[in-house]
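Observations on chain architecture
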Amino acid sequence: MGRNKDCKEISQHNRDLFDIYITPNIPMIKDLVTYYSQNNMYIDDNLSYCLEEFVYYIGSYDPSRSLKTWIHICVKRCCTKQNIIHEKERQRRTGLSFDDCVKTFKGNKHIEKY
């Protein structure tokens, strides 16, 4: 992470491993990304980022361990990283943190009745 992936070529070995381990689990990955994404607006971005990371890091998976646990950990880590990036971008644009936005929303009397 933190490197320029455009300059790195994906090996055929990583592609094969991705097809074997990740492709059949994409529905589970989508569910996990939806669960761990802080904002529904970013689910598609987070999913793309997670799948990209899986392509590069699939070689780190140890087949003697649980695949689902490894996927879960990777998705949580990727979504957490992306949530932080999105939060910093929101703060830069608005000057408000996520907590400030929630407080403002809860303070709206017209919304509280719902």
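Remember, predicted model here, so these are calculated numbers, not experimental data.

Criteria and thresholds
- Residues numbered from 1 in each chain as written.
- Predicted model: local features only at pLDDT ≥ 70, side-chain atom pairs only at ≥ 80, totals over all residues.
- Heavy atoms only, no water.
- pLDDT = per-residue confidence, 0-100.
- Helix = DSSP H or I, 4+ residues; strand = E, 2+ residues; numbered from the N terminus.
- Contact = heavy atoms within 4.5 Å.
- Salt bridge = Lys/Arg side-chain N within 4 Å of Asp/Glu carboxyl O.
- Buried < 20%, exposed > 50% of the residue type's maximum accessible area, 1.4 Å probe, protein only.
- Core = buried A, V, L, I, M, F, W, Y, C linked by side-chain atoms within 4.5 Å.
- Arc of directions from axis to C-beta.
- Polar contact = N/O pair within 3.5 Å; in protein donor to acceptor, adjacent residues only side chain to side chain.

This prediction gives the chain a mean pLDDT of 82; 76% of its residues lie at or above 70. Within the chain, the lowest mean pLDDT, 41, falls on helix α6 (residues 109-112), and the highest, 96, falls on helix α2 (residues 26-36). Ignoring residues within four places in sequence, the model shows residues 107-114, a span with pLDDT below 50, making three contacts including any to other chains.

Attention now moves to the pattern of salt bridges. Evaluation of the coordinates by the stated rule reveals four salt bridges. When the shortest N-O distance is used, the salt bridge between Glu-89 and Arg-92 registers 2.6 Å. In this pair, Glu-89 and Arg-92 both sit in helix α4 (residues 67-94), three residues apart, roughly one turn of the helix. By relative accessible area, which is 60% here, Arg-92 ends up exposed. Ionic pairing is found between Arg-93 and Glu-89, a salt bridge with its closest N-O pair at 3.5 Å. Of the two residues, Arg-93 and Glu-89 both sit in helix α4, four residues apart, roughly one turn of that helix. Arg-93 gets classed as partly exposed once you look at its relative accessible area, which sits at 49%. One network of salt bridges, in which partners are shared, links Glu-89, Arg-92 and Arg-93.

Let us look at the nonpolar core. Counting residues in hydrophobic clusters, the biggest one holds 23 residues, and the most contacted among them are Ile-22, Ile-29, Val-33, Phe-54, Trp-70, Ile-71 and Val-75. For this core, the secondary structure elements donating two or more residues are α1 (12-22), α2, α3 (43-57) and α4. Of the residues forming this core, the biggest block, seven residues, is contributed by α4. If sequence neighbours within four positions are ignored, Trp-70 has contacts with Ile-22, Phe-54, Tyr-57, Ile-58, Ser-60 and Tyr-61.

With that settled, the discussion passes to α2. All buried positions along α2 are accounted for by Ile-29, Leu-32, Val-33 and Tyr-36. The buried side chains of α2 occupy one side of the element, clustering within an arc of 100° when seen end-on. Set apart from the buried face of α2 by more than 90 degrees, the exposed residues are Pro-27, Asp-31 and Tyr-35. Structurally, α2 contributes buried residues whose contacts are with α1, α3 and α4.

The subject of this paragraph is the side chain of Glu-87. Considering the arrangement of structural elements, one finds Glu-87 in helix α4. Separated by 2.3 Å, the side chains of Glu-87 and Arg-90 make a polar contact.

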